[in-house]
Amino acid sequence: MQLEGQGNFRARLRFLLLAALFFQIIAQAYDGLKHSTSVNSILFMNIGLSDGAANFLEQVLLFILIASFPAYIIGKKKIFLWYMSLWSLALPVSTFFLHSNFGYQFALFSQFARVALPLSLLLLDNLKGRDDWALILRIGIAATFFGHGLEALSLHPKFLDFLMDFSEVYLGFELLQNHAYTILYVIGVIDLAVALLALVTRFNMIFLYMALWGLITAICRITYFEGSGIMPFMVRSAHWVIPLVLFLYFRNKLIDGTQVGPSLKENYYDQKKCLN
């Protein structure tokens with residue numbers, strides 16, 4: 001009965017991860033088909049394809065992306081999870097090489113939760129009873145908070161706009177720019193600290209905080225951009241679903257009295273023992 005209960009619990013966690021992946025894929029495909037992506041720019045500017053060829057190839061890749069999710073659900077083929085993960089990796093890597101926007105050097109960190117999401121499902125399917133999938137999620141969400149922390153400390157103009165707009169619209173007063181700078185510095189330091197704690201501690205309330213903050217920052221896209229913010233909200237599903245899943249998973253293990261997932265150091269030594 002206990003094994004059956006654990007199986008049902010893992011199935012519910014898997015459903016949450018799948019739902020987040022679904023919304024992420026829809027948003028990535030929609031944004032790419034409507035506006036094109038940094039991958040398109042790499043194909044045109046760096047590889048040297050014609051504009052028409054770059055657009056065509058990008059659309060083919062995006063339609064494969066759209067088809068990958070139902071193909072995985074129906075056929076259980078792991079190659080589709082790999083494709084979704086590689087596409088999520090290609091976007092920030094292309095941004096980095098293009099130097100195309102503010103904070104481009106932090107793009108891979110900031111978006112790494114989206115890369116980790118399909119990889120975690122790959123491990124969850126393959127490694128029954130092990131915590132490797134949870135470790136991948138921990139690394140992914142920690143990297144995302146680390147990247148956002150660096151962006152906040154760099155006074156990202158987008159973050160400043162979010163803060164000042166929220167203050168004026170929802171709090172009823174105009175936030176001075178120097179005050180917004182101070183708030184961003186505090187947010188940046190907290191994000192960096194939380195990213196570190198997510199990797200080196202077993203305090204699962206850290207993940208609850210990350211889930212709430214990830215949800216708040218995703219909702220900011222809707223409050224700031226209104227209707228056009230739906231897709232930016234959806235593409236950030238991993239930013240709050242991943243820590244929510246980790247919170248539920250580790251909380252369940254504490255209730256059961258079993259050991260909470262390993263830290264990076266412990267995982268390294270476990271793997272070393274296996275090899276020896």
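Numbering of residues begins from 1 in every chain and follows the order in which that chain's sequence is written. A pLDDT threshold of at least 70 governs which residues receive local features in this predicted model, and a stricter bar of 80 or more applies before side-chain atom pairs are shown or counted, although totals over entire chains, interfaces and linings include all residues. Side-chain figures throughout are based on the complete set of non-hydrogen atoms in the structure, without hydrogens or water.

**What to know about the overall build of the protein**
Counting its secondary structure elements, the protein contains 13 helices and 0 strands. In this description a helix means any DSSP run of H or I spanning at least four residues, a strand means any run of E spanning at least two, and both kinds are numbered starting from the N terminus. Listing the helices and strands of the protein from first to last along the sequence gives α-α-α-α-α-α-α-α-α-α-α-α-α. With a 1.4 Å probe rolled over the protein chains alone, any residue whose accessible area is under 20% of its type maximum counts as buried; one over 50% counts as exposed, and the rest are partly exposed. Scored against the burial criterion, the 276 residues of the protein give a buried share of 43%. What makes two residues a contact is simply this: any of their non-hydrogen atoms within 4.5 Å. Taking the contacts inside the protein whose residues are at least 6 apart along the sequence as the reference set, 74% of them involve residues at least 24 apart. Working note: accessible area of the protein is about 14,300 Å², and carbon and sulfur atoms make up 68% of it. Residue burial considers only the protein chains on display, and all accessible areas are found by Shrake-Rupley using a 1.4 Å probe.

**Re helix 2 (residues 38-46)**
Here helix 2 has its buried residues at Ser38, Val39, Asn40, Ile42 and Leu43. Where helix 2 is buried, its residues meet helix 3 (51-75) and helix 4 (78-98). One or two steps after helix 2, the chain reaches Gly48, where phi turns positive at roughly 95°.

**Details of the packing of aromatic side chains**
Note on aromatic pairs: each is described by the distance of the centres and the angle between the planes. Classification of ring pairs rests on two measures: the distance between centres of Phe, Tyr or Trp rings, Trp counted by its six-membered ring, which must be within 6.5 Å, and the angle between planes, read as stacked under 30 degrees, edge-to-face over 60 and tilted in between. Inspection of the entire model under this criterion finds 12 aromatic pairs. Here Phe162 and Tyr224 contribute two aromatic rings whose centre-to-centre distance is 5.1 Å and whose plane-to-plane angle is 75°, an arrangement assigned as edge-to-face. Placement of the pair is Phe162 in helix 8 (residues 157-171) and Tyr224 in helix 10 (residues 205-225), with a sequence separation of 62 residues. For Phe162, a relative accessible area of 9% corresponds to the buried category. Through a chain of ring-to-ring contacts, three or more aromatic side chains come together here, namely Trp133, Phe207, Tyr249 and Phe250. Each ring is checked for a lysine NZ or an arginine CZ that lies within 6 Å of its centre and within 35 degrees of its normal; such an atom marks a charge sitting over the ring. In this arrangement the basic side chain of Lys76 is found over the ring face of Tyr72, its NZ or CZ atom lying 5.8 Å from the centre.

**Description of the pattern of salt bridges**
The salt bridge criterion pairs a side-chain nitrogen of Lys or Arg with a carboxyl oxygen of Asp or Glu, the two atoms within 4 Å. Counted according to the given criterion, the structure contains 1 salt bridge. Linking Lys253 and Asp131 is a salt bridge whose minimum nitrogen-to-oxygen distance equals 3.0 Å. With Lys253 in helix 12 (residues 237-256) and Asp131 in the loop between helix 6 (112-126) and helix 7 (132-153), this residue pair connects regions lying 122 residues apart in the sequence. Lys253 gets classed as buried once you look at its relative accessible area, which sits at 14%.

**Comments concerning the confidence of the model for the protein**
pLDDT measures how confident the predictor is about each residue, on a scale from 0 to 100. Model confidence for the protein is summarised by a mean pLDDT of 88, while 88% of its residues fall at 70 or above. Within the model, the stretch residues 271-276 combines pLDDT values under 50 with 2 contacts to residues more than four positions away or in other chains.

**As for helix 10**
With 21 residues, helix 10 extends 31 Å between its outermost C-alpha atoms, agreeing within 8% with the 30 Å of an ideal straight helix rising 1.5 Å per residue. Regarding helix 10, the residues found buried are Ile206, Phe207, Met210, Ala211, Gly214, Ala218, Cys220 and Arg221. Just downstream of helix 10, Glu226 is the residue with a positive phi angle, here 60°. For a helix, the expected span equals 1.5 Å multiplied by the number of residues minus one.

**Thoughts on unusual backbone geometry**
Phi at Leu155 is positive, roughly 60°, even though this residue is not glycine. Position of Leu155 relative to the elements: it lies in the loop between helix 7 and helix 8. On the basis of relative accessible area, Leu155 is assigned to the buried category, the value being 19%. Positive phi, normally seen in glycine, also occurs at Glu226, with a value near 60°. For Glu226, a relative accessible area of 58% puts it in the exposed group.

**Some details on the environment of Pro232**
Counting through the fold element by element, Pro232 comes out in helix 11 (residues 230-235). Since its relative accessible area comes to 21%, Pro232 is described here as partly exposed. Counting along the chain gives 14 residues from Pro232 to Ala218, while the straight-line C-alpha distance between them is 7.4 Å.

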